[in-house]
Amino acid sequence: DALYERAMLSPQLERASWLDRVQHLIDSLPAHEGIQQGWLQANTLWARAEIVDSRTAQTLHERAFVLVQSYLPNLDDTHRDVWLTRLIDGERAHLQRISRAARVTRLHQLQPAIQGHLDEASSIAPLLSWISVLGDWADSLQGAAAAAKLDETEALFARIQTMVPE
């Protein structure tokens, strides 16, 4: 994790080299380190997606998404919520880098893929991350469609309130 953090703090021109070091570490981890290995791998893929061309970024992003999705069913509640939050945050970053048309398509694919995991969330972090995505989505819409997305955020805020009373 420290090596990954070092990579993320390095200047962008040096980041690829540091991420190569992280990848070498990931590749050398023993099989029983699966969860940590998966976490580092997904984050490394998302980090690489930020410094490459858009086509390569799309591929790296999809690999990270599929990887995290594959781990979610096997994680305890705490880890699942952390991973789900990271997944949503990774999606949000990706959505901000793609074209409007691609963003709309991806959002329509993403919502059903995420919804079941959100329904099982036991902490507020993934809900807050999804609220951010819905807010961005609403900003790109008008009229009733925007209002509907904002209504979805209100339902999540109501759920959060039941989880963390004032």
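Preceding block: the structure.
Our subject in this report is the structure included herewith.

What counts and what doesn't
Residues numbered from 1 in each chain as written. Predicted model: local features only at pLDDT ≥ 70, side-chain atom pairs only at ≥ 80, totals over all residues. Heavy atoms only, no water. Salt bridge = Lys/Arg side-chain N within 4 Å of Asp/Glu carboxyl O. Helix = DSSP H or I, 4+ residues; strand = E, 2+ residues; numbered from the N terminus. Buried < 20%, exposed > 50% of the residue type's maximum accessible area, 1.4 Å probe, protein only. Core = buried A, V, L, I, M, F, W, Y, C linked by side-chain atoms within 4.5 Å. Contact = heavy atoms within 4.5 Å. Expected span 1.5 Å × (residues − 1). Polar contact = N/O pair within 3.5 Å; in protein donor to acceptor, adjacent residues only side chain to side chain. Axes fitted to C-alpha atoms, helices over the stretch in contact; angles between N-to-C directions. Parallel < 35°, antiparallel > 145°, perpendicular 65-115°, else oblique. Left-handed = near helix turned anticlockwise from the far one by under 90°. Nonpolar A, V, L, I, M, F, W, Y, C, P; charged D, E, K, R; others polar. Phe/Tyr/Trp six-rings, centres within 6.5 Å; stacked < 30°, edge-to-face > 60°. Lys NZ or Arg CZ within 6 Å of the ring centre and 35° of its normal.

1. Focus on the pattern of salt bridges
Part 1: Overall, the coordinates contain seven salt bridges when judged by the stated rule.
Part 2: Measuring nitrogen to oxygen at the nearest pair gives 4.0 Å for the salt bridge that ties Glu120 to Arg80. Placement of Glu120 in helix α6 (residues 100-120) and of Arg80 in helix α5 (residues 77-97) is noted, with a sequence separation of 40 residues between them.
Part 3: Accessibility expressed as a relative area gives 47% for Glu120, which makes it partly exposed.
Part 4: Since its relative accessible area comes to 9%, Arg80 is described here as buried.
Part 5: Note that Glu91 and Arg106 form a salt bridge whose closest N and O atoms lie 2.7 Å from each other. With a gap of 15 residues between them, Glu91 in helix α5 and Arg106 in helix α6 connect regions that are remote in the sequence. Each member of the pair Glu91 and Arg106 is classed as buried.
Part 6: Here the salt bridges do not stand alone but share partners, grouping Glu62, Glu91 and Arg106 into one network.

2. Focus on the nonpolar core
Part 1: Counting residues in each nonpolar core, the largest one holds 32 residues, and the members touching the most others are Leu87, Ile114 and Trp130.
Part 2: Counting only elements with at least two residues in this core, the list comes to α3 (34-49), α4 (54-71), α5, α6, α7 (125-139) and α8 (143-163).
Part 3: Ranked by residue count, the leading element in this core is α4, at seven residues.
Part 4: Not counting the four nearest positions on each side in its chain, Trp130 is found in contact with Ile88, Leu110, Gln111, Ile114, Leu118 and Leu156.

3. Side note on α4
The periodicity of an α-helix, 3.6 residues per turn, causes residues three or four places apart in sequence to face the same way.
Part 1: For α4, spanning 18 residues, the distance from its first C-alpha to its last is 26 Å, which sits close to the expected 26 Å at 1.5 Å a residue.
Part 2: When α4 is considered as a whole, its buried residues turn out to be Ala57, Leu60, His61, Ala64, Phe65, Leu67, Val68, Gln69 and Tyr71.
Part 3: The inward-facing, buried residues of α4 abut α3, α5 and α6.
Part 4: Structurally, the start of α4 carries an N-cap: the backbone nitrogen of Arg55 is 3.2 Å from a side-chain oxygen of Asp53.

4. Examining the packing of α4 against α5
Part 1: Contact geometry of α4 with α5 gives a least axis separation of 10 Å together with a crossing angle of 160 degrees. In terms of orientation, α4 lies roughly antiparallel with respect to α5. α5 is crossed by α4, and the crossing has left-handed handedness. Together, Gln58, His61, Phe65, Val68, Gln69 and Tyr71 of α4 and Trp83, Leu87, Gly90, Glu91 and His94 of α5 make up the contact between the two elements.

5. Looking at the side chain of Lys149
Part 1: Looking at the element boundaries, Lys149 is found in helix α8.
Part 2: When near neighbours in sequence (up to four residues on either side) are disregarded, Lys149 contacts Gln111, Leu134, Trp137, Ala138 and Leu141.

6. Focus on the packing of α7 against α8
Part 1: Where α7 meets α8, the closest approach of the two axes is 9 Å, and the angle between their N-to-C directions is 165 degrees. Viewed along their axes, α7 and α8 adopt a mutual orientation that is roughly antiparallel. Classified by chirality, the crossing of α8 by α7 is left-handed. Taking contact as the criterion, the partners of Leu127, Leu128, Trp130, Ile131, Leu134, Gly135, Trp137 and Ala138 in α7 are, on α8, Ala146, Lys149, Leu150, Glu152, Thr153, Leu156, Phe157, Arg159, Ile160 and Met163.
Part 2: A breakdown of the residues in the contact of α7 with α8 according to their chemical character gives 13 nonpolar, two polar and three charged.

7. Quick notes on the packing of aromatic side chains
Part 1: Tallying each qualifying case throughout the model produces two aromatic pairs.
Part 2: Each ring, one from Trp39 and one from Trp83, has its centre 5.4 Å from the other, and the planes form 50 degrees; the classification is tilted. Here Trp83 lies in helix α5 and Trp39 lies in helix α3, a separation of 44 residues in the sequence.
Part 3: You can call Trp83 buried: its relative accessible area is 2%.
Part 4: Arranged with centres 4.9 Å apart and planes meeting at 40 degrees, the rings of Tyr71 and Trp83 form a pair that is tilted. Of the two residues, Tyr71 is situated in helix α4 and Trp83 in helix α5; the sequence distance between them amounts to twelve residues. No difference in accessibility class separates Tyr71 from Trp83, as the two residues are buried.
Part 5: In this structure an aromatic cluster arises from ring pairing among Trp39, Tyr71 and Trp83.
Part 6: Here Arg106 stacks its cationic end above the ring of Phe65, 4.6 Å away from the centre of that ring.
Part 7: Its end group placed over the ring of Trp137, Lys149 keeps NZ or CZ at 3.7 Å from the ring centre.

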